[in-house]
Amino acid sequence: MSAVAAESLSFEAVAPYIRGRFGKPYRYEPECESTQLMLHGSGLPEGATAATDHQTGGRGRMGRPWTAPPASSLLVSVMLHPPPERHLPELSLVAALAAAEAIEGATGLTAQIKWPNDVMLNRRKVAGILSELSEGTVIVGIGMNVNQARDALPSDTPTEAGSLRTLTGSTYDRAALLGSLLFRLERIYDGWRHGGLADLYGEIGARDFLRGRRITVDGEAATASQILRDGRLEIATDAHETRAIESGEVLFER
Ligand code: BTN
């Protein structure tokens, strides 16, 4: 990956890196409220992608904001039309795996998945996934911290944030990184579409950040066992109960 920072995620900058059906059509705004809203109710086909260089109302999970200085990160949403038999919450893991692989391709470092939707590099959160259901379609939003300097990262997040730059000392071509992310997302999503999470489980399990860690789940103390083959997180609570959880806010001890 080149060490040159791309100026924008405009169609002209990103088009040379679009290799499959994800990224087509490609909608770009230099600034918008949220790329999720650029796709909401659009009726666009699967793979349609919205990207921007700056969000004024970026949305994170649990109603939190998602912020990044202009032209520093990846802010992208992709339209998916998953088959009805699939279990939609698994899509966050599908997108997290794609983001982890794209980060690994760029940095040469192993990225991990913090269930259910975060991507970690050296114990810092470098990417987050927001999956929103809208009229039978799912809009998957991915925010990836790429070229932010340390003082440009949010400091009030439950999981400490990092960027590829703060963790590797290099800056990255965001357009090329976005092309790599879309290509990997398409391949992994197609695998999930046909075979569910089972086919991807090896790749996800190998990157399970929480495995064996002391955690709290919505305030309850536990030890994380593993991500299960059905996408749930197995935990052993301090009250000696083994449970598989479907969703929740997981905090870990540093
Ligand atoms: C999280 O970790 O809380 C999820 C963050 C998701 C942020 C991305 S940035 C692109 C897309 N547009 C949004 O408003 N949110 C998602």
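Residues numbered from 1 in each chain as written. Predicted model: local features only at pLDDT ≥ 70, side-chain atom pairs only at ≥ 80, totals over all residues. Heavy atoms only, no water.

(A) The arrangement of the sheet that holds strand 2 (residues 49–52) in detail. Spatially, 1-2-3-7-6-5-4 is the arrangement adopted by the seven strands of the open sheet, whose pairing is mixed. Only two strands of the sheet have a single neighbouring strand rather than two, namely strand 1 (26–29) and strand 4 (112–114). Going from strand to strand, the sheet's axes swing by 20° on average, the running direction of each strand aside. Both strand 2 and strand 3 (residues 73–80) contribute to a ladder of four bridges, which runs antiparallel. When the sheet's bridge partners are listed, T49 is paired in strand 3 with V78. Sitting on the sheet, helix 3 (residues 91–107) touches strand 3, strand 4, strand 5 (118–121), strand 6 (124–134) and strand 7 (137–145), and the angle it makes with strand 6 is about 145°. (Pairing = 2+ DSSP bridges. Helix = DSSP H or I, 4+ residues; strand = E, 2+ residues; numbered from the N terminus. Axes fitted to C-alpha atoms, helices over the stretch in contact; angles between N-to-C directions. Contact = heavy atoms within 4.5 Å.)

(B) Representation of the confidence of the model for the chain within the structure. Of the residues in the chain, 97% have a pLDDT of 70 or more, and the chain-wide mean is 94. Confidence drops under pLDDT 50 across residues 1–6; counting only partners more than four residues distant or on other chains, this segment forms 19 contacts. (pLDDT = per-residue confidence, 0-100.)

(C) A look at the layout of surface pockets. The volume enclosed by the largest pocket comes to roughly 610 Å³. Lining the largest pocket we find 37 residues, and of these G60, R61, P65, W66 and K125 sit closest to its centre. Counting residues per element, the ones that place at least two in the lining of the largest pocket are helix 2 (35–39), strand 3, strand 6 and strand 7. By volume, the second largest pocket is sized at about 360 Å³. In this structure, the second largest pocket is lined by 23 residues; those nearest its centre are L88, P89, E90, S92 and S131. Counting residues per element, the lining of the second largest pocket draws most heavily on strand 6, at five residues. Grouping the amino acids of the lining of the second largest pocket by side-chain chemistry returns eleven nonpolar, six polar and six charged. (1 Å grid on protein atoms, 1.4 Å probe; cavity = no way out; pocket = protein on both sides within 12 Å on 5 of 7 lines; lining within 4 Å. Points joined across faces, edges and corners; volume = space filled by probe spheres on them. Nonpolar A, V, L, I, M, F, W, Y, C, P; charged D, E, K, R; others polar.)

(D) Summary view of the site of the ligand. Residues in contact with the ligand amount to 21 residues; listed here are only the nearest, S34, Q55, R59, R61 and K125. Within the backbone of R59, an N or O atom sits 2.7 Å from an oxygen atom of the ligand. One nitrogen or oxygen atom from the side chain of K125 is found 2.6 Å from an oxygen atom belonging to the ligand. Computed on the free molecule, the ligand has an accessible area of 420 Å², of which 97% lies beneath the protein chains in the complex. Cavity membership is defined here by more than half of the atoms lying within 2 Å of grid points; on that basis the ligand lies in the largest pocket. Elements with a contribution of two residues or more to the shell around the ligand: helix 2, strand 3, strand 6 and strand 7. Tallying contributions element by element places strand 6 first for the shell around the ligand, with four residues. A per-class count over the shell around the ligand returns six nonpolar, eleven polar and four charged. (Near = heavy atom within 4 Å. Polar contact = N/O pair within 3.5 Å; in protein donor to acceptor, adjacent residues only side chain to side chain. Areas by Shrake-Rupley, 256 points an atom, 1.4 Å probe, with all protein chains shown as cover. Sits in = over half its atoms within 2 Å of the grid points.)

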